[in-house]
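These are the residues of each chain, in order.
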Amino acid sequence: MKQSTSWLYIVLFILVFFLHFTIWQLYVNDFQVIFIRYYLFLTILFMMVITIMSIVKKIYPEYIGFTFMGLMLFKLSIMFLVMNKLHLSEVPYHKYHFIPPYLVSLLLETLFAIGLLKEQKNN
């Protein structure tokens, strides 16, 4: 996958963050520290997944799908382990505020993996 396509997914993720943060500020306007820590952690996981998948594509292109599945399992496990450390449950209706960003990052990672698989199939 071209380098510019990777940046497109990263920029989309950042735009979604700012959109969600703006909506958060308009309606909730509380728990900013928890929100920023959550998004920072989610951004680190997102960047890790994109980077590892790009590296695996260059070294072992036939294992992109397995890498994607393993990274999604790892990401979900880490989120459950770290959720208490981030104090997400202190936010009222936290499921409605914190699941959509996770699903958006999952969607972007899935689209990135599909692009890698399509490129590998074409070569």
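What you see is a predicted model, and the numbers here were worked out from it, not measured in a lab.

A closer look at the packing of aromatic side chains
The relative placement of two aromatic rings is captured by the distance of their centres and the angle of their planes.
Then step 1. One pass over the structure, following the stated rule, counts eight aromatic pairs.
Then step 2. On the basis of an interplanar angle of 70° and a centroid distance of 4.4 Å, the ring pair of F17 and Y39 is categorised as edge-to-face. On the criterion of sequence distance, the pair formed by F17 in helix α1 (residues 3-27) and Y39 in helix α2 (residues 32-59) is long-range, its members being 22 residues apart. Y39 shares its class with F17; the two are buried.
Then step 3. Three or more aromatic residues joined by ring pairs form one cluster here, namely F13, F17, F18, Y38, Y39 and F46.

What about the nonpolar core?
The nonpolar side chains of a soluble globular protein tend to be buried with one another.
Then step 1. If you look at the biggest cluster of nonpolar residues, it comprises 31 residues, and the most contacted ones within it are Y38, L42, F46, M53, M79 and F98.
Then step 2. Every element with two or more residues in this core is listed here: α1, α2, α3 (64-86) and α4 (94-122).
Then step 3. The element that contributes the greatest number of residues to this core is α2, accounting for eleven residues.
Then step 4. Not counting residues within four places of it along the chain, the set of residues in contact with Y38 comprises M79, L86, L88, F98, P101 and Y102.

Rules behind the numbers
Residues numbered from 1 in each chain as written. Predicted model: local features only at pLDDT ≥ 70, side-chain atom pairs only at ≥ 80, totals over all residues. Heavy atoms only, no water. Phe/Tyr/Trp six-rings, centres within 6.5 Å; stacked < 30°, edge-to-face > 60°. Helix = DSSP H or I, 4+ residues; strand = E, 2+ residues; numbered from the N terminus. Buried < 20%, exposed > 50% of the residue type's maximum accessible area, 1.4 Å probe, protein only. Core = buried A, V, L, I, M, F, W, Y, C linked by side-chain atoms within 4.5 Å. Contact = heavy atoms within 4.5 Å.

Remember, this is a structural readout, not a statement about activity or role.
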